[in-house]
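Below, each chain spelled out in residue letters.
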Amino acid sequence: MASSQTIAAIATAAGRGGVGIVRVSGKHLAAFAERLCGKTPRPRTAHYGDFLDENGETIDSGLLLYFPAPASFTGEDVLELHGHGGMVVMQMLLARCVELGARQARPGEFSQRAFLNGKMDLAQAESVADLIDADSRTAARMAVRSLKGAFSQRIHALVDDLIHLRMLIEAALDFPEEDIDFLAELNIPARVDALQVQLREINAQAAQGAILREGMQVVLAGAPNVGKSSLLNALAGDDVAIVTDIAGTTRDTVREQIVLDGVPVHITDTAGLRHTADTVEQIGIERSRRALAQADVALVLIDPQEGLNDSVREALSQLPPDLKRIEVHNKIDLRDEAAFIRSSGSLCGADSIIGLSAKTGAGLDLLKNALLAQIGWRGESEGLFLARSRHLDALARAAVELQHAAVCVNQAELLAEHLRLAQNACNEITGEFTADDLLGVIFSRFCIGK
């Protein structure tokens, strides 16, 4: 990226609003602002006035804020133009900035410049996007913790310990003529074990943060007319799916999101899995299969009075074999049963069986708790931070290298190399060791203007 270029973008969401913001970042923006507004701005002071076109005509009136480098979000000169939040006037203001020499920013380019200019590390930059995309208050709080550096601090502490041990080992390699056995005196096995413990603690917290960020994909599966749509409506607290006594009513996937203990849960109701000659229903069933392939958990609805009949077997045969399952016995109100949960006797190979009534709501809390247990959610805790799948991958690779290091603690050259590789994997999280193409992928997923 040519950081000498000035970039501009509309920083507020598309649509109408009371206020819209155009953000500009680059060099020598005081002169840029003077041409746009007819006055030289004072740093970090709100200036009210007109935004002018090339003929001196007013495009809009609003506030101009000027943040000179390096005390800005990107580390460069930054202008924020606060005008009226209509799309036409915002586009006109952006076009004027382009006339003055800026180019339209790519998605995430402001945050990318902040990272490249040392204003934040890569994990913090990603948390900016996570905060914007947060689906729950818990996720938003965890994103703020990551933005403030909670995750990065844990990684930096681990990397510092890795560097310290590498320094001691490589010092021993540099002075082989010394009579003292450095490696024996350093108690290397205990030090490597301590690093592994530290990494496991970080990984456990990161795994919880990934659950919070990614949420959970839940699919309702089963034969037609077993109450899948009724259960979706009960979990959503609204009539989002059509419910009738006619088998095959649901012919397409119906999606709804709920929040359980701060975790976003994306629930998909699917067409009943069965053979059918109906072309529309066949398309719905194919979409059901695709939803199941991407699911974290399947709620398999079975009528206990029917048991494993042909339609149930047909539905079960189409579930991915490694998909986590919770067996649900709906309509307990019709059988005068109390809500229950048990861990044995499943007809579909599930870890737990839950009896509930989508109509009365009895047993729904049991189901919600079982869903959170299936993905390993332990609840919000102090110090928890959001994490991404790439973070978990980097931590897993670091763990493998430390396992190798523990095996070869008496072979200094190999030990030093495995510690170096573990350090590189950790550094990928914060961006100290990151390929340029990976940076492009990460920031391209940000919204424009951020």
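Owing to the predicted nature of the structure, the values given are computational and were not obtained by experimental measurement. Along every chain, residues carry numbers that run from 1 in the direction the sequence is written. Local features in this predicted model are restricted to residues whose pLDDT is 70 or higher, and side-chain atom pairs enter the listing and the counts only when it is 80 or higher, whereas totals over whole chains, interfaces and linings include all residues. Here the side-chain values reflect all heavy atoms present in the structure, with hydrogen atoms and water set aside.

Draft legend 1. Summary view of the UniProt feature "binding site: Mg(2+)" (unreviewed entry) in the chain. Mapped onto this structure's residue numbering, the UniProt feature "binding site: Mg(2+)" (unreviewed entry) falls at Ser229 and Thr250. Where helices and strands are cited, they refer to DSSP runs of H or I of at least four residues and of E of at least two residues respectively, numbered from the N terminus. With respect to the helices and strands, the residue Ser229 is situated in helix H9 (residues 228–236). Working definition: with a 1.4 Å probe on protein chains only, accessible area under 20% of the residue-type maximum means buried, over 50% means exposed, and in between means partly exposed. Its relative accessible area of 10% is what places Ser229 among the buried residues. UniProt positions are given in the numbering used here, feature names are shortened, and annotations may be inferred rather than shown by experiment.

Draft legend 2. Structural view of the sheet that holds strand E11 (residues 324–329). Strand pairing is assigned whenever DSSP detects at least two bridges linking the two strands. If you walk across this open sheet you meet the seven strands as E8-E9-E7-E10-E11-E13-E12, and the pairing is mixed. Both edges of this open sheet fall to strand E8 (254–260) and strand E12 (340–342), since each of them pairs with a single strand only. Neighbouring strand axes in the sheet, compared pairwise and without regard to direction, differ in orientation by 25° on average. Here strand E7 (residues 216–222) runs beside strand E10 (residues 297–301); their pairing, made up of five bridges, is parallel. Paired with Leu220 across the two strands is Leu299, which belongs to E10. Between the N-to-C directions of two axes lies an angle of 0 to 180 degrees, each axis being a line fitted to C-alpha atoms and, for a helix, fitted only over the stretch in contact.

Draft legend 3. Local environment of the pattern of salt bridges. Salt bridges are defined as contacts in which a side-chain nitrogen from Lys or Arg sits within 4 Å of a carboxyl oxygen from Asp or Glu. Evaluated as defined, the whole model comprises 19 salt bridges. For Arg96, the salt bridge is made with Glu99, and the minimal N-O distance between the two is 3.1 Å. Taken as a pair, Arg96 and Glu99 lie in helix H2 (residues 87–99) at a separation of three residues, close to a single helical turn. Judged by relative accessible area, Arg96 falls into the buried class, the value being 9%. Assessed through its relative accessible area of 48%, Glu99 is described here as partly exposed. Among the salt bridges present, the one from Arg113 reaches Glu109, with a minimum N-O distance of 3.7 Å.

Draft legend 4. Broad picture of the pairing of strand E4 (residues 58–67). Across the ten residues that make up E4, a large majority, seven, are buried. By the bridge criterion, six bridges tie strand E3 (residues 47–52) to E4 in an arrangement that is antiparallel. Residue Phe51 lies in a different strand from E4, and its bridge partner there is Asp60. Joining the antiparallel neighbours E3 and E4 is a turn of five residues, in which Gly56 adopts a positive phi near 85°. In this structure, E4 lies alongside strand E5 (residues 77–85), joined through five bridges in antiparallel fashion.

Draft legend 5. Spatial organisation of empty space enclosed by the protein. Space inside and on the surface of the protein is sampled on a 1 Å grid over the protein atoms alone, with a cavity defined as a set of points where a 1.4 Å probe fits but cannot get out and a pocket as an open set with protein on both sides within 12 Å along at least 5 of 7 lines; lining residues have an atom within 4 Å of a point. Grid points are joined across faces, edges and corners, and a volume is the space filled by probe spheres set on the points. Enumeration according to the criterion identifies four cavities of 30 Å³ or more in this entry. Space inside the largest cavity adds up to approximately 50 Å³. Together, Cys37, Lys39, His47, Tyr48, Gly49, Asp50, Phe51, Gly62 and Leu64 line the largest cavity. Those elements that place two or more of their residues in the lining of the largest cavity are E3 and E4. Three classes are used, and their members are as follows: Ala, Val, Leu, Ile, Met, Phe, Trp, Tyr, Cys and Pro are nonpolar, Asp, Glu, Lys and Arg are charged, and the others, Gly among them, are polar. Split by residue class, the lining of the largest cavity holds four nonpolar, three polar and two charged.

Draft legend 6. Geometry of the confidence of the model for the chain. For every residue, the predictor states its confidence as a pLDDT score lying anywhere from 0 to 100. Per-residue confidence for the chain averages 85 on the pLDDT scale, and 88% of its residues sit at or above 70. Residues count as neighbours in contact if any of their non-hydrogen atoms are within 4.5 Å of one another. pLDDT under 50 marks residues 241–251. Its contacts with residues more than four places away, or in other chains, come to 30 contacts.

Draft legend 7. Quick peek at the UniProt feature "binding site: K(+)" (unreviewed entry) in the chain. Within this structure's numbering, the places UniProt gives as "binding site: K(+)" (unreviewed entry) are Asn225, Thr244, Ile246 and Thr249. Among the secondary structure elements, Asn225 is positioned in the loop between E7 and H9.

Draft legend 8. Examining the packing of aromatic side chains more closely. Each Phe, Tyr or Trp ring, with Trp reduced to its six-membered ring, pairs with another whose centre is within 6.5 Å; inter-plane angles below 30 degrees give stacked pairs, above 60 give edge-to-face pairs, and intermediate values give tilted ones. Inspection of the entire model under this criterion finds one aromatic pair. The interplanar angle of 10° and the centroid separation of 4.4 Å between the aromatic rings of Phe151 and Phe385 together place this pair among those described as stacked. With Phe151 in helix H6 (residues 150–174) and Phe385 in the loop between helix H12 (364–374) and helix H13 (389–407), the pair connects residues that are 234 residues apart, well separated along the chain. Take Phe151 and Phe385: they sit in the same class, and that class is buried. By definition, being over a ring means that NZ of Lys or CZ of Arg is both within 6 Å of the ring centre and within 35 degrees of the ring normal. Looking at Arg23, its charged tip hangs above the ring of Phe73, at a distance of 5.5 Å from the centre. Positioned above the aromatic ring of Phe110, the side-chain terminus of Arg23 is 5.6 Å from the ring centre.

Draft legend 9. Looking closely at the sheet that holds E3. Here six strands make up an open sheet; going across it, the order is E3-E4-E5-E2-E1-E6 and the pairing mixed. Both edges of this open sheet fall to E3 and strand E6 (103–104), since each of them pairs with a single strand only. Where strand E1 (residues 7–10) lies against strand E2 (residues 17–26), four bridges are found, and the strand directions are antiparallel. Bridge assignment links Ala8 to a residue of E2, and that residue is Val24.

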